[in-house]
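Chain residues, written in single-letter form:
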Amino acid sequence: MVKVVFLDVDGTLVDYHNRIPESAIKAIRQARQNGHLVYISTGRSKSEVYSEIWDIGLDGMIGGNGSYVEDHGQVIMHQVLSKEDSKNIVDWLKARNLEFYLESNSGLYASQNFEEVGRPTVQAYSKSKGKEDVEHITVRTAFPEMIFGADVYRDDLNKVSFVLNSYQDHLDSKKAFPHLKAGTWGGVGETALFGDLGVENITKAHAIEVLLDHLGASKEDTFAFGDAKIDIPMLDYCEVGVAMGNGGPEIKAMADYITDDVEEDGLWKAFVHFGLV
């Protein structure tokens, strides 16, 4: 029976040093050789899914936390912010002196001072993920494909991420844009480092439903792997939800199975456990 597998990227497929364990590559390739379908399901936009990930061999992707669905190069769904909302977000962030970057399938577009202002925030995020020598990390090394100096008024945005000067910036963004999905990342609650704004009612679970309908596949044949709170709807929707050992307490509490850490061959071990390889 063909299974459909959905993998979060950061903290699930890719470790906190931005490396893909060889065992994870082996797991995906063998599972696909066995006839199973494997998709990544990530908060990243397509422009952030670098060749090292695609070179593993994948059947497609869900991006932007569910705003984008692709199957074997065919775009199945892509919901973007309206041009009006995109402009209003940029103007609101500029008025509050908040630096930001725009997430699009065509690239990541930085605000005027994001490279300088965002560096300590990017370093703090990297440190929280276990990276060493963070003082040498720059915005350009953390986001090698980021585009600087481009027009920031666009009509192709999946979402917008911005540096939080305080948690109040996130709370105010929810009030300013009640019709959009406001979130944070890089920490829990008031320790969050970034805020973001995207299309409302977008989840990885909804995107999976859209993809399964396109494939004519059954939810009963699905597996989802994740490590973070944002992955919970995906794990809850799929027949089998697997939390990584490095995952947070919320996702571990609701998962059907907990595997080892991403850096301890957790993906491979779970694929073996469930007979995918």
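Up top you'll find the structure we're talking about.
As the structure is a computational prediction, the values presented were derived from the model and not from experiment. (Residues numbered from 1 in each chain as written. Predicted model: local features only at pLDDT ≥ 70, side-chain atom pairs only at ≥ 80, totals over all residues. Heavy atoms only, no water.)

### Quick look at the overall build of the protein
Working step 1: Along the backbone of the protein there are 11 helices and 14 strands.
Working step 2: Against the compact-globule benchmark of 19 Å for 277 residues, the protein has a radius of gyration of 18 Å, which places it among compact chains.
Working step 3: Each principal axis of the C-alpha distribution contributes one length, and for the protein these read about 55 × 40 × 35 Å.
Working step 4: Considering the protein as a whole, with its 277 residues, one finds that 52% of them fall into the buried category.
Working step 5: Accessible surface, the protein: about 12,300 Å² in total, of which carbon and sulfur atoms supply 47%. (Helix = DSSP H or I, 4+ residues; strand = E, 2+ residues; numbered from the N terminus. Rg over C-alpha atoms; globule rule 2.2 N^0.38 Å. Buried < 20%, exposed > 50% of the residue type's maximum accessible area, 1.4 Å probe, protein only. Areas by Shrake-Rupley, 256 points an atom, 1.4 Å probe, with all protein chains shown as cover.)

### Some points on the sheet that holds strand β11 (residues 194–198)
Working step 1: The 6 strands are arranged β8-β7-β6-β9-β11-β10 in an open sheet whose pairing can be described as mixed. Each edge of the sheet is formed by a strand with only one pairing partner; in this case those strands are β8 (146–147) and β10 (181–185).
Working step 2: Two elements, strand β9 (residues 157–163) and β11, share 5 bridges in a ladder whose sense is antiparallel. In the strand pairing of β11, Ser-161 is matched with Asp-196.
Working step 3: On top of the sheet, helix α7 (residues 167–176) reaches β9, β10 and β11; it is set at about 165° to β10, its chief contact. (Pairing = 2+ DSSP bridges. Contact = heavy atoms within 4.5 Å. Axes fitted to C-alpha atoms, helices over the stretch in contact; angles between N-to-C directions.)

### Comments concerning the nonpolar core
Working step 1: Ranked by size, the top nonpolar core spans 30 residues in total, and within it Leu-13, Ile-53, Phe-225 and Phe-271 carry the most contacts.
Working step 2: Of all the secondary-structure elements, those providing two or more residues to this core are β1 (4–7), α1 (22–33), β2 (37–41), β12 (222–226), β13 (240–243) and α11 (266–273).
Working step 3: If one sorts the elements of this core by residue count, α1 sits on top with 5 residues. (Core = buried A, V, L, I, M, F, W, Y, C linked by side-chain atoms within 4.5 Å.)

### What to know about unusual backbone geometry
Working step 1: Here the phi dihedral of Asn-97 falls at roughly 60°; this positive angle occurs in a residue that is not glycine.
Working step 2: Mapping Asn-97 onto the fold places it in the loop between α3 (83–95) and β6 (100–104).

### Describing the side chain of Lys-159
Working step 1: Topologically, Lys-159 is positioned in strand β9.
Working step 2: In this structure Lys-159 comes out as buried when scored by relative accessible area, which is 10%.
Working step 3: Once residues within four sequence positions are removed from consideration, Lys-159 is found in contact with Gly-43, Asn-65, Leu-81, Leu-102, Glu-103, Asp-196, Leu-197 and Gly-198.

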